[in-house]
Amino acid sequence: MPALNSTHIAVLQPLINPFQRSPTKTIETDLKEGEGHNDEFLNFIHDGINNNPPIQYTQITVTELTEYEILRGGSCRHRCFLWVIDAISIKIIWEGTRNVLRSSIGKPFVCHTNITACSQAYIGGEMYFCEDGNIYVNFKSDRYGRPETEEKKHMAIQYIRDVGYQNVVPIEL
């Protein structure tokens, strides 16, 4: 069941524009050069169907989970995947994917709006595929994160499971 169904949509809606849930950021003031397109990343944007790992697959170790304090809100870019649930399904990309157009702002890697080409989505965050067999998922995205309700978080996790990913562990921050 890779595509969103009416039950998923009923809880996750509405689709939002990037930064729409941010109390301080907007597309007009905070979308930087290189962040609104995805044409050069299409081959790396993985449609998370049937529990298949992304093309640029990497796992975080249990030691790195602790070292980078992933379960407490830390991050590890070279092991992190960005995810977004758009109008169709979940899309995933390795955060370390190069984005030379963002080099001028000192961040030469992709962001959540590179997944959607700055289009609307329901929700987004980060995920870590771990050597322990778990997939750790949070809702850290200044563009599509900050879900208003626990119900939305639970439905996003449920959808990730419904497309086939097993052992999904939400990171509550």
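Draft legend 1. Geometry of the overall build of the protein. Looking only at helices and strands, the protein has five helices and six strands in total. Scanning the protein from its N terminus toward the C terminus, one meets helices and strands in the order α-α-β-α-β-β-α-β-β-α-β. For 173 residues, the compact-globule estimate of 2.2 N^0.38 gives 16 Å, and the C-alpha radius of gyration of the protein, at 15 Å, lies within 12% of that figure. Along the three orthogonal principal directions, the C-alpha set of the protein runs to about 40 × 40 × 30 Å. Looking at the protein as shown, the accessible area adds up to about 8,100 Å², and 50% of this sits on carbon and sulfur atoms. Computed over 16 positive and 21 negative side-chain charges, the separation of the two mean positions in the protein equals 4 Å.

Draft legend 2. Here's a closer look at the layout of surface pockets. Of the voids in this model, the largest pocket is the one considered here, and its volume is about 350 Å³. Taken together, 20 residues form the lining of the largest pocket, with Arg-102, Lys-107, Cys-111, Asp-142 and Arg-143 sitting closest to its centre. For the lining of the largest pocket, the residue count by class is six nonpolar, two polar and 12 charged.

Draft legend 3. Representation of the pattern of salt bridges within the structure. This structure, assessed with the given rule, holds 11 salt bridges. Across the pair Arg-21 and Glu-148 runs a salt bridge, and its minimum N-O distance is 3.3 Å. Taken together, the residues Arg-21 in the loop between α1 (6-12) and α2 (27-30) and Glu-148 in the loop between β5 (135-138) and α5 (150-162) connect sequence positions 127 residues apart. Between Lys-152 and Glu-148 there is a salt bridge, with the nearest N and O atoms lying 3.9 Å from each other. Through salt bridges with shared partners, one network takes in Lys-25, Glu-35, Arg-102, Asp-142 and Arg-143.

Draft legend 4. Inspection of the environment of Ile-88 at higher detail. By secondary structure assignment, the location of Ile-88 is in the loop between β2 (81-85) and β3 (90-94). Expressed as a C-alpha distance, the spacing of Ile-88 and Leu-173, which sit 85 residues apart in the sequence, is 27 Å. If we skip the residues at most four places from it in the chain, Ile-88 touches Pro-2, Ala-3, Leu-4 and Tyr-159.

Draft legend 5. Spotlight on the nonpolar core. Judged by nonpolar contacts, the single largest core of 23 residues is most densely connected at Trp-83, Ile-85, Ile-90 and Met-127. Going through the elements one at a time, α1, β2, β3, β4 (123-129), β5 and α5 are the ones with two or more residues in this core. For Met-127, the residues in contact, after removing those within four places along its chain, are Arg-79, Cys-80, Phe-81, Trp-83, Ile-90, Ile-92, Ile-135, Tyr-136, Val-137 and Ile-160. Counting residues in each nonpolar core, the second largest holds 19 residues, with Cys-80, Val-84, Ile-115 and Tyr-136 among its members.

Draft legend 6. Region of the structure containing the pairing of β3. The buried fraction of β3 is high, at four of five residues. With two bridges joining them, strand β1 (residues 46-47) and β3 adopt antiparallel strand pairing. Across the sheet, residue Asp-47 finds its bridge partner in β3, namely Lys-91. Taken together, β2 and the strand that follows it, β3, pair antiparallel across an intervening segment of four residues.

Cut-offs and rules
- Residues numbered from 1 in each chain as written.
- Predicted model: local features only at pLDDT ≥ 70, side-chain atom pairs only at ≥ 80, totals over all residues.
- Heavy atoms only, no water.
- Helix = DSSP H or I, 4+ residues; strand = E, 2+ residues; numbered from the N terminus.
- Rg over C-alpha atoms; globule rule 2.2 N^0.38 Å.
- Areas by Shrake-Rupley, 256 points an atom, 1.4 Å probe, with all protein chains shown as cover.
- Lys, Arg positive; Asp, Glu negative; His and termini not counted.
- Charge placed at Lys NZ, Arg CZ, Asp CG, Glu CD.
- 1 Å grid on protein atoms, 1.4 Å probe; cavity = no way out; pocket = protein on both sides within 12 Å on 5 of 7 lines; lining within 4 Å.
- Points joined across faces, edges and corners; volume = space filled by probe spheres on them.
- Nonpolar A, V, L, I, M, F, W, Y, C, P; charged D, E, K, R; others polar.
- Salt bridge = Lys/Arg side-chain N within 4 Å of Asp/Glu carboxyl O.
- Contact = heavy atoms within 4.5 Å.
- Core = buried A, V, L, I, M, F, W, Y, C linked by side-chain atoms within 4.5 Å.
- Buried < 20%, exposed > 50% of the residue type's maximum accessible area, 1.4 Å probe, protein only.
- Pairing = 2+ DSSP bridges.

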